[in-house]
Amino acid sequence: QVQLVESGGGLVQAGGSLRLSCAASGRMFSIYVMGWYRQAPGQQRELVANITSDGTTKYADSVKGRFTISRDNAKHTVYLQMNNLKVEDTAVYYCNTRIGPFPYWGQGTQVTVSS
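On a predicted model such as this, the values are computed, not experimentally measured, just so you know. (Residues numbered from 1 in each chain as written. Predicted model: local features only at pLDDT ≥ 70, side-chain atom pairs only at ≥ 80, totals over all residues. Heavy atoms only, no water.)

(A) Local environment of the side chain of S21. Mapping S21 onto the fold places it in strand β3 (residues 18-24). Those residues in contact with S21 that lie beyond four places of it in its chain are V5, E6, S7, W36, T77, V78 and Y79. (Helix = DSSP H or I, 4+ residues; strand = E, 2+ residues; numbered from the N terminus. Contact = heavy atoms within 4.5 Å.)

In structure tokens, the structure reads:
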């Protein structure tokens, strides 16, 4: 069983920055692949970025060069640094991991970017 708790969302103007955090329970955090997803109103949930246990990262094309995912295994925390935010980045952002066949999700944190 893993619990994920996100924080750091909010309202920001276009061009601004936010950093999301996701604190995870579980002794095996260091081996989890951790991901950030987002879901805008009326849209499907989509992968934003993920990071493997050895630090390999993957990004959606829409956020490459603007967002950075990182992890601190000692703190059982994964981060999403979001720079140069755009109105189209507005969504609920979810932290995710998977253990075997079972996905785990946080409760989500709202990010709203105003023009």
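The discussion continues.
(B) Inspection of the environment of G16 at higher detail. Mapped onto the secondary structure, G16 falls in the loop between β2 (10-13) and β3. Classification of G16 as buried rests on a relative accessible area of 17%. Measuring from C-alpha to C-alpha, the distance between G16 and A40 comes to 19 Å, with 24 residues separating the pair along the chain. If we ignore the near neighbours within four places in the chain, the residues touching G16 are M82, N83, N84 and L85. (Buried < 20%, exposed > 50% of the residue type's maximum accessible area, 1.4 Å probe, protein only.)

(C) Summary view of the packing of aromatic side chains. Scanning the entire structure with this criterion turns up 3 aromatic pairs. Ring centres of F29 and Y32 lie 6.2 Å apart, and the angle between their planes is 75°; on these two criteria the pair is classed as edge-to-face. Assigned by exposure class, F29 and Y32 land together as buried. Taking the centre distance of 6.3 Å and the plane angle of 90° together, the rings of Y94 and W105 count as edge-to-face. You can see Y94 sitting in strand β9 (residues 91-99) and its partner W105 sitting in strand β10 (residues 102-105), a full 11 residues away along the chain. Overall, the relative accessible area of 14% leaves Y94 in the buried class. Taken together, Y37, Y94 and W105 form an aromatic cluster joined through their ring pairs. (Phe/Tyr/Trp six-rings, centres within 6.5 Å; stacked < 30°, edge-to-face > 60°.)

(D) Up close: unusual backbone geometry. The phi torsion at H76 lies on the positive side, around 55°, for a residue other than glycine. With respect to the helices and strands, H76 occurs in the loop between β7 (67-72) and β8 (77-82). For H76, a relative accessible area of 24% puts it in the partly exposed group. Positive phi values are uncommon outside glycine, yet N84 reaches one of about 50°. On the secondary structure map, N84 appears in the loop between β8 and β9.

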